[in-house]
Amino acid sequence: MSGLDLTRIGGRIGAEVSGVDLNALSDGLFEAINSALLEHKALIFRGAGLDDEGQIAFASRFGALTRAHPTVPSVDGQPNILPVDGEEGIRSNNWHTDVTFVRTPPKVSTLRALVVPPYGGNTLIANAGAAYRDLPQQLRDFADRLWAVHTNDYDYALPRNNAAKAAEYRKVFVSTRYQTGHPVVRVHPESGERGLFIGGFAQRIVGLSGTESRDILRILQAYVTRPENILRVAWKPGDLVVFDNRITQHYAPDDYGDQPRRLHRVTVAGDAPSAIGGETSYVIEGDEAHHYTPAAAA
(Lines give C-alpha, C1' and ligand atoms only; values in the text may rest on other atoms or scores of the structure.)
Protein backbone atom coordinates (compact mmCIF):
# COMPACT_ATOMS: atom_id res chain seq x y z
CA MET A 1 0.00 0.00 0.00
CA SER A 2 2.45 2.61 -1.24
CA GLY A 3 2.10 5.98 0.46
CA LEU A 4 -0.51 4.85 2.98
CA ASP A 5 0.42 5.19 6.65
CA LEU A 6 -1.76 2.55 8.29
CA THR A 7 -1.73 1.25 11.87
CA ARG A 8 -3.78 -1.73 12.96
CA ILE A 9 -5.77 -1.00 16.11
CA GLY A 10 -7.60 -4.28 16.62
CA GLY A 11 -6.60 -7.90 16.36
CA ARG A 12 -9.51 -8.71 14.06
CA ILE A 13 -10.91 -5.39 12.89
CA GLY A 14 -9.88 -1.81 12.45
CA ALA A 15 -6.96 0.34 11.32
CA GLU A 16 -6.10 4.01 11.63
CA VAL A 17 -4.95 5.85 8.51
CA SER A 18 -2.82 8.97 8.73
CA GLY A 19 -0.81 11.18 6.43
CA VAL A 20 -3.39 11.47 3.65
CA ASP A 21 -5.40 14.45 2.47
CA LEU A 22 -8.88 13.12 1.79
CA ASN A 23 -9.71 16.30 -0.10
CA ALA A 24 -7.00 15.57 -2.69
CA LEU A 25 -6.62 11.80 -3.08
CA SER A 26 -4.75 10.32 -6.00
CA ASP A 27 -6.26 7.27 -7.65
CA GLY A 28 -3.41 5.18 -6.27
CA LEU A 29 -3.99 6.29 -2.69
CA PHE A 30 -7.71 5.72 -2.99
CA GLU A 31 -7.12 2.18 -4.26
CA ALA A 32 -4.86 1.59 -1.26
CA ILE A 33 -7.61 2.86 1.06
CA ASN A 34 -10.18 0.59 -0.58
CA SER A 35 -7.85 -2.41 -0.24
CA ALA A 36 -7.27 -1.55 3.42
CA LEU A 37 -11.03 -1.33 3.97
CA LEU A 38 -11.55 -4.79 2.49
CA GLU A 39 -8.87 -6.18 4.78
CA HIS A 40 -9.59 -4.32 8.02
CA LYS A 41 -13.37 -3.71 7.60
CA ALA A 42 -13.23 -0.32 9.36
CA LEU A 43 -10.84 2.62 8.93
CA ILE A 44 -10.42 5.69 11.14
CA PHE A 45 -9.15 9.02 9.79
CA ARG A 46 -8.40 11.31 12.73
CA GLY A 47 -9.00 15.00 12.09
CA ALA A 48 -9.93 14.23 8.50
CA GLY A 49 -10.45 17.89 7.57
CA LEU A 50 -13.72 17.33 5.73
CA ASP A 51 -16.87 19.40 5.57
CA ASP A 52 -20.19 18.09 4.25
CA GLU A 53 -19.15 18.50 0.63
CA GLY A 54 -15.80 16.88 1.30
CA GLN A 55 -17.44 13.89 2.97
CA ILE A 56 -19.79 13.49 0.01
CA ALA A 57 -16.90 13.74 -2.45
CA PHE A 58 -14.80 11.18 -0.57
CA ALA A 59 -17.68 8.73 -0.16
CA SER A 60 -18.41 9.07 -3.89
CA ARG A 61 -14.99 7.59 -4.67
CA PHE A 62 -16.41 4.23 -3.55
CA GLY A 63 -19.36 4.49 -5.96
CA ALA A 64 -22.74 6.13 -6.45
CA LEU A 65 -24.30 7.42 -3.24
CA THR A 66 -27.61 6.56 -1.67
CA ARG A 67 -29.95 9.22 -0.40
CA ALA A 68 -29.80 9.80 3.36
CA HIS A 69 -32.37 7.14 4.26
CA PRO A 70 -35.41 5.44 2.73
CA THR A 71 -37.83 7.08 5.19
CA VAL A 72 -35.97 9.45 7.59
CA PRO A 73 -35.34 13.07 6.47
CA SER A 74 -31.86 14.24 5.49
CA VAL A 75 -29.87 17.25 6.64
CA ASP A 76 -31.52 20.38 5.21
CA GLY A 77 -30.22 20.99 1.71
CA GLN A 78 -28.09 17.83 1.72
CA PRO A 79 -30.16 14.89 0.43
CA ASN A 80 -27.27 12.43 0.79
CA ILE A 81 -26.52 13.19 4.46
CA LEU A 82 -28.33 11.61 7.39
CA PRO A 83 -28.06 13.52 10.68
CA VAL A 84 -27.16 11.27 13.61
CA ASP A 85 -28.12 13.50 16.50
CA GLY A 86 -28.17 12.26 20.09
CA GLU A 87 -29.67 15.55 21.32
CA GLU A 88 -32.91 14.54 19.64
CA GLY A 89 -32.93 11.53 21.96
CA ILE A 90 -32.95 9.09 19.02
CA ARG A 91 -30.19 6.62 19.75
CA SER A 92 -29.47 3.48 17.77
CA ASN A 93 -28.16 1.36 20.63
CA ASN A 94 -28.92 -1.86 18.79
CA TRP A 95 -26.45 -3.93 16.79
CA HIS A 96 -27.28 -3.49 13.13
CA THR A 97 -26.01 -3.18 9.58
CA ASP A 98 -27.24 -0.06 7.83
CA VAL A 99 -30.57 -0.27 5.96
CA THR A 100 -30.67 -4.04 5.48
CA PHE A 101 -34.45 -3.90 5.25
CA VAL A 102 -34.14 -2.98 1.55
CA ARG A 103 -32.98 -5.39 -1.17
CA THR A 104 -29.78 -3.46 -1.97
CA PRO A 105 -28.33 -2.10 1.30
CA PRO A 106 -25.37 0.31 1.28
CA LYS A 107 -21.95 -1.20 0.63
CA VAL A 108 -19.97 1.42 2.58
CA SER A 109 -20.94 3.79 5.38
CA THR A 110 -19.04 6.92 6.35
CA LEU A 111 -19.55 8.69 9.67
CA ARG A 112 -18.06 12.11 10.48
CA ALA A 113 -18.04 13.58 13.99
CA LEU A 114 -19.23 17.16 14.36
CA VAL A 115 -19.96 17.34 18.10
CA VAL A 116 -18.98 14.67 20.61
CA PRO A 117 -19.65 14.36 24.34
CA PRO A 118 -16.81 14.67 26.87
CA TYR A 119 -17.40 11.06 27.87
CA GLY A 120 -19.07 8.07 26.24
CA GLY A 121 -20.70 8.32 22.83
CA ASN A 122 -18.35 5.82 21.19
CA THR A 123 -19.24 3.68 18.20
CA LEU A 124 -18.67 -0.09 18.25
CA ILE A 125 -18.05 -1.93 14.97
CA ALA A 126 -18.02 -5.73 14.70
CA ASN A 127 -16.41 -8.03 12.13
CA ALA A 128 -19.13 -10.36 10.83
CA GLY A 129 -16.62 -12.29 8.75
CA ALA A 130 -14.60 -13.27 11.80
CA ALA A 131 -17.88 -14.20 13.49
CA TYR A 132 -18.70 -16.62 10.68
CA ARG A 133 -15.26 -18.22 10.93
CA ASP A 134 -15.74 -18.60 14.69
CA LEU A 135 -18.83 -20.75 14.25
CA PRO A 136 -18.42 -24.47 14.96
CA GLN A 137 -18.63 -26.42 11.71
CA GLN A 138 -22.10 -27.75 12.53
CA LEU A 139 -23.46 -24.25 13.12
CA ARG A 140 -21.68 -22.93 10.03
CA ASP A 141 -23.25 -25.60 7.84
CA PHE A 142 -26.66 -24.81 9.34
CA ALA A 143 -26.27 -21.03 8.87
CA ASP A 144 -25.18 -21.50 5.25
CA ARG A 145 -28.69 -22.67 4.37
CA LEU A 146 -30.69 -20.03 6.23
CA TRP A 147 -32.46 -16.90 5.01
CA ALA A 148 -33.73 -14.11 7.25
CA VAL A 149 -36.47 -11.52 6.89
CA HIS A 150 -35.19 -7.99 7.55
CA THR A 151 -37.69 -5.21 8.27
CA ASN A 152 -37.79 -1.60 9.45
CA ASP A 153 -40.99 -2.35 11.37
CA TYR A 154 -39.44 -2.80 14.79
CA ASP A 155 -38.16 -0.53 17.57
CA TYR A 156 -34.70 0.07 16.10
CA ALA A 157 -34.16 3.58 17.50
CA LEU A 158 -36.71 5.40 19.58
CA PRO A 159 -36.59 8.75 21.39
CA ARG A 160 -36.04 8.40 25.11
CA ASN A 161 -38.55 9.46 27.76
CA ASN A 162 -40.99 11.07 25.32
CA ALA A 163 -43.92 8.94 24.22
CA ALA A 164 -45.26 11.53 21.74
CA LYS A 165 -41.88 11.93 20.04
CA ALA A 166 -41.43 8.16 20.02
CA ALA A 167 -44.76 7.71 18.25
CA GLU A 168 -43.96 10.42 15.69
CA TYR A 169 -40.49 8.99 14.98
CA ARG A 170 -41.88 5.51 14.51
CA LYS A 171 -44.55 6.84 12.17
CA VAL A 172 -41.83 8.37 9.96
CA PHE A 173 -39.49 5.39 10.21
CA VAL A 174 -42.14 2.93 9.01
CA SER A 175 -43.97 5.33 6.67
CA THR A 176 -43.10 2.73 4.06
CA ARG A 177 -42.90 -0.78 5.51
CA TYR A 178 -40.10 -2.88 4.07
CA GLN A 179 -39.53 -6.60 4.39
CA THR A 180 -36.67 -8.25 2.51
CA GLY A 181 -35.29 -11.77 2.42
CA HIS A 182 -31.49 -11.90 2.77
CA PRO A 183 -29.12 -14.87 3.11
CA VAL A 184 -27.92 -15.31 6.69
CA VAL A 185 -24.46 -15.98 5.24
CA ARG A 186 -23.48 -13.40 2.63
CA VAL A 187 -20.64 -13.79 0.15
CA HIS A 188 -18.71 -10.53 -0.11
CA PRO A 189 -18.87 -9.33 -3.73
CA GLU A 190 -15.26 -8.08 -3.81
CA SER A 191 -13.28 -10.32 -1.47
CA GLY A 192 -15.38 -13.50 -1.64
CA GLU A 193 -15.26 -13.66 2.17
CA ARG A 194 -18.29 -15.12 3.94
CA GLY A 195 -19.94 -13.22 6.79
CA LEU A 196 -23.02 -13.39 8.99
CA PHE A 197 -25.51 -10.94 7.49
CA ILE A 198 -27.98 -10.44 10.32
CA GLY A 199 -28.22 -7.68 12.97
CA GLY A 200 -31.22 -5.92 14.44
CA PHE A 201 -33.27 -5.58 11.28
CA ALA A 202 -33.21 -9.39 10.89
CA GLN A 203 -36.39 -10.29 12.75
CA ARG A 204 -37.11 -13.86 11.75
CA ILE A 205 -35.77 -16.88 9.90
CA VAL A 206 -37.63 -17.85 6.73
CA GLY A 207 -39.75 -20.94 7.36
CA LEU A 208 -39.48 -20.86 11.15
CA SER A 209 -41.67 -19.51 13.91
CA GLY A 210 -40.94 -16.30 15.76
CA THR A 211 -39.75 -18.19 18.84
CA GLU A 212 -37.46 -20.46 16.83
CA SER A 213 -36.16 -17.49 14.85
CA ARG A 214 -35.29 -15.50 17.96
CA ASP A 215 -33.36 -18.40 19.45
CA ILE A 216 -31.34 -19.01 16.28
CA LEU A 217 -30.64 -15.34 15.64
CA ARG A 218 -29.59 -14.88 19.27
CA ILE A 219 -27.05 -17.71 18.99
CA LEU A 220 -25.59 -16.42 15.73
CA GLN A 221 -25.58 -12.79 16.85
CA ALA A 222 -23.60 -13.74 19.96
CA TYR A 223 -20.71 -14.72 17.70
CA VAL A 224 -20.77 -11.33 15.95
CA THR A 225 -20.56 -9.42 19.21
CA ARG A 226 -17.80 -11.43 20.88
CA PRO A 227 -15.32 -8.89 22.33
CA GLU A 228 -12.46 -10.05 20.10
CA ASN A 229 -14.51 -9.15 17.01
CA ILE A 230 -15.25 -5.57 18.09
CA LEU A 231 -13.56 -2.23 17.49
CA ARG A 232 -14.44 0.68 19.79
CA VAL A 233 -14.13 4.12 18.20
CA ALA A 234 -13.66 6.98 20.68
CA TRP A 235 -14.61 10.05 18.67
CA LYS A 236 -12.98 13.45 18.44
CA PRO A 237 -14.55 16.29 16.41
CA GLY A 238 -13.52 16.07 12.78
CA ASP A 239 -12.84 12.33 12.80
CA LEU A 240 -14.12 10.22 9.91
CA VAL A 241 -14.84 6.50 10.16
CA VAL A 242 -15.46 4.33 7.11
CA PHE A 243 -16.77 0.78 7.45
CA ASP A 244 -17.69 -1.99 5.03
CA ASN A 245 -21.44 -2.34 5.53
CA ARG A 246 -21.43 -5.70 3.74
CA ILE A 247 -19.49 -7.50 6.47
CA THR A 248 -19.82 -5.46 9.67
CA GLN A 249 -22.37 -4.45 12.25
CA HIS A 250 -22.24 -1.41 14.50
CA TYR A 251 -23.73 -0.11 17.73
CA ALA A 252 -23.84 3.31 19.44
CA PRO A 253 -23.94 2.87 23.24
CA ASP A 254 -26.39 5.20 24.96
CA ASP A 255 -23.98 6.12 27.73
CA TYR A 256 -23.54 9.90 27.52
CA GLY A 257 -26.66 11.20 29.24
CA ASP A 258 -27.94 14.50 27.88
CA GLN A 259 -24.62 15.57 26.41
CA PRO A 260 -24.70 16.59 22.72
CA ARG A 261 -23.47 14.14 20.09
CA ARG A 262 -23.83 14.88 16.40
CA LEU A 263 -22.49 12.92 13.43
CA HIS A 264 -23.19 13.04 9.71
CA ARG A 265 -23.61 9.80 7.76
CA VAL A 266 -23.13 9.33 4.02
CA THR A 267 -23.59 5.87 2.49
CA VAL A 268 -22.56 4.30 -0.79
CA ALA A 269 -25.02 2.29 -2.86
CA GLY A 270 -24.55 -1.49 -2.71
CA ASP A 271 -25.70 -4.58 -4.54
CA ALA A 272 -28.20 -7.28 -3.62
CA PRO A 273 -26.51 -9.74 -1.23
CA SER A 274 -25.64 -13.16 -2.61
CA ALA A 275 -25.89 -16.48 -0.80
CA ILE A 276 -23.27 -19.21 -1.06
CA GLY A 277 -25.27 -20.85 -3.84
CA GLY A 278 -25.51 -17.59 -5.81
CA GLU A 279 -29.15 -16.75 -5.00
CA THR A 280 -29.74 -13.06 -4.33
CA SER A 281 -31.96 -11.16 -1.91
CA TYR A 282 -35.60 -10.52 -2.72
CA VAL A 283 -38.38 -8.10 -1.78
CA ILE A 284 -41.20 -9.45 0.39
CA GLU A 285 -43.01 -6.19 1.16
CA GLY A 286 -42.48 -2.61 0.10
CA ASP A 287 -40.69 -1.65 -3.09
CA GLU A 288 -37.18 -1.64 -4.57
CA ALA A 289 -36.44 1.73 -2.89
CA HIS A 290 -35.51 3.41 -6.19
CA HIS A 291 -35.91 6.79 -4.48
CA TYR A 292 -33.22 5.82 -1.99
CA THR A 293 -30.52 3.93 -3.90
CA PRO A 294 -29.47 3.78 -7.55
CA ALA A 295 -28.52 0.12 -6.98
CA ALA A 296 -32.23 -0.74 -6.86
CA ALA A 297 -32.28 -0.78 -10.65
CA ALA A 298 -29.66 -3.53 -10.80
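Description of the structure in this document. (Residues numbered from 1 in each chain as written. Predicted model: local features only at pLDDT ≥ 70, side-chain atom pairs only at ≥ 80, totals over all residues. Heavy atoms only, no water.)

Digging into a nonpolar patch on the surface
Taken together, the side chains of Val206, Tyr282 and Ile284 present a nonpolar region at the surface, about 230 Å² in accessible area. Considering the arrangement of structural elements, one finds Val206 in the loop between β11 (202-205) and α6 (210-224). (Patch = residues over 30% accessible without salt bridge, like charges linked within 9 Å, V, L, I, M, F, W, Y side chains within 5 Å. Areas by Shrake-Rupley, 256 points an atom, 1.4 Å probe, with all protein chains shown as cover. Salt bridge = Lys/Arg side-chain N within 4 Å of Asp/Glu carboxyl O. Helix = DSSP H or I, 4+ residues; strand = E, 2+ residues; numbered from the N terminus.)

Looking at the pattern of salt bridges
The full count for this structure, using the stated rule, is 18 salt bridges. As a salt-bridge pair, Glu288 and Arg103 come within 2.7 Å of each other at their nearest N and O atoms. Taken together, the positions of Glu288 in the segment after β16 (282-285) and Arg103 in the loop between β4 (82-85) and β5 (108-115) put the pair 185 residues apart, joining distant regions of the chain. The buried category is assigned to Arg103, whose relative accessible area is 11%. Asp144 serves as the salt-bridge partner of Arg194, at 4.0 Å between the closest nitrogen and oxygen. With a gap of 50 residues between them, Arg194 in strand β10 (residues 194-196) and Asp144 in helix α4 (residues 137-144) connect regions that are remote in the sequence. By relative accessible area, Arg194 is classed as partly exposed at 34%. Connected through salt bridges with shared partners, the residues Arg12, Asp134, Arg226 and Glu228 form a single ionic network. (Buried < 20%, exposed > 50% of the residue type's maximum accessible area, 1.4 Å probe, protein only.)

Some thoughts on the packing of aromatic side chains
In this structure the tally under the stated criterion is nine aromatic pairs. Measuring from ring centre to ring centre gives 4.8 Å for Phe30 and Phe62, while their planes differ by 70°; the resulting arrangement is edge-to-face. Taken together, the positions of Phe30 in helix α1 (residues 27-40) and Phe62 in the loop between α2 (52-60) and β4 put the pair 32 residues apart, joining distant regions of the chain. Put simply, the rings of Phe101, Tyr154, Phe173, Tyr178 and Phe201 touch in pairs and so form one group of aromatic residues. Across the ring face of Tyr132, the terminal group of Arg140 is positioned such that the distance to the ring centre comes to 5.7 Å. (Phe/Tyr/Trp six-rings, centres within 6.5 Å; stacked < 30°, edge-to-face > 60°. Lys NZ or Arg CZ within 6 Å of the ring centre and 35° of its normal.)

A word on unusual backbone geometry
Positive phi, normally seen in glycine, also occurs at Lys41, with a value near 75°. Along the chain, Lys41 falls in the loop between α1 and β3 (42-45). Of the residues examined, Lys41 reaches a relative accessible area of 4% and is grouped as buried.

Description of the sheet that holds strand β8 (residues 179-183)
Taking strand neighbours across the sheet as the criterion, the four strands line up as β11-β7-β8-β16 in an open arrangement whose pairing is antiparallel. Across the chains shown, the open sheet's two edge strands, defined by having one partner strand only, are β11 and β16. Within the sheet, the average angular offset between the axes of one strand and its neighbour, ignoring direction, is 35°. Pairing of β8 with β16, which is carried by three bridges, proceeds in the antiparallel orientation. Each residue of the ladder has a partner; that of Gly181, found in β16, is Tyr282. (Pairing = 2+ DSSP bridges. Axes fitted to C-alpha atoms, helices over the stretch in contact; angles between N-to-C directions.)

Re the sheet that holds strand β12 (residues 230-233)
Pairing within the open sheet is antiparallel, and its three strands lie in the order β12-β6-β14. Either end of the sheet is taken by a strand with one partner, and the two such strands are β12 and β14 (248-251). Taken over all neighbouring pairs, the strand axes of this sheet differ in orientation by 20° on average, direction set aside.

Focus on the nonpolar core
By size, the foremost hydrophobic cluster in this structure holds 28 residues, and its most contacted members are Leu22, Ile33, Phe45, Phe58 and Phe62. Examining the composition of this core, we find that six residues originate from one element, α1, more than from any other. In this structure, Ile33 is in contact with Leu4, Leu22, Leu25, Leu43, Phe45, Phe58 and Phe62, ignoring residues within four places of it in sequence. By size, the runner-up hydrophobic cluster in this structure holds 20 residues, among which are Ala126, Ala131, Leu135 and Tyr223. (Core = buried A, V, L, I, M, F, W, Y, C linked by side-chain atoms within 4.5 Å. Contact = heavy atoms within 4.5 Å.)

Observations concerning the environment of Lys41
As a C-alpha pair, Lys41 and Pro183 span 142 residues in sequence and 20 Å in three-dimensional space. When residues no more than four places from it in sequence are discounted, the contact partners of Lys41 are Ile13, Ala36, Asn127, Glu193, Val242, Phe243, Asp244, Ile247 and Thr248. For Lys41, the side chain forms a polar contact with the main-chain oxygen of Glu39, separated by 3.3 Å. A distance of 3.1 Å separates the side chain of Lys41 from the side chain of Glu193, its partner in a polar contact. (Polar contact = N/O pair within 3.5 Å; in protein donor to acceptor, adjacent residues only side chain to side chain.)

Quick look at the side chain of Lys107
Along the chain, the position of Lys107 falls in the loop between β4 and β5. In this structure Lys107 is buried but unpaired, with Glu190 as the nearest side chain of opposite charge at 4.3 Å. In terms of polar contacts, Lys107 uses its side chain to reach the backbone carbonyl oxygen of Phe62, at 2.8 Å. Residue contacts for Lys107: discarding those within four places in its chain leaves Phe62, Glu190, Phe243, Asp244, Asn245, Arg246, Val268, Ala269 and Gly270. (Lys, Arg positive; Asp, Glu negative; His and termini not counted.)

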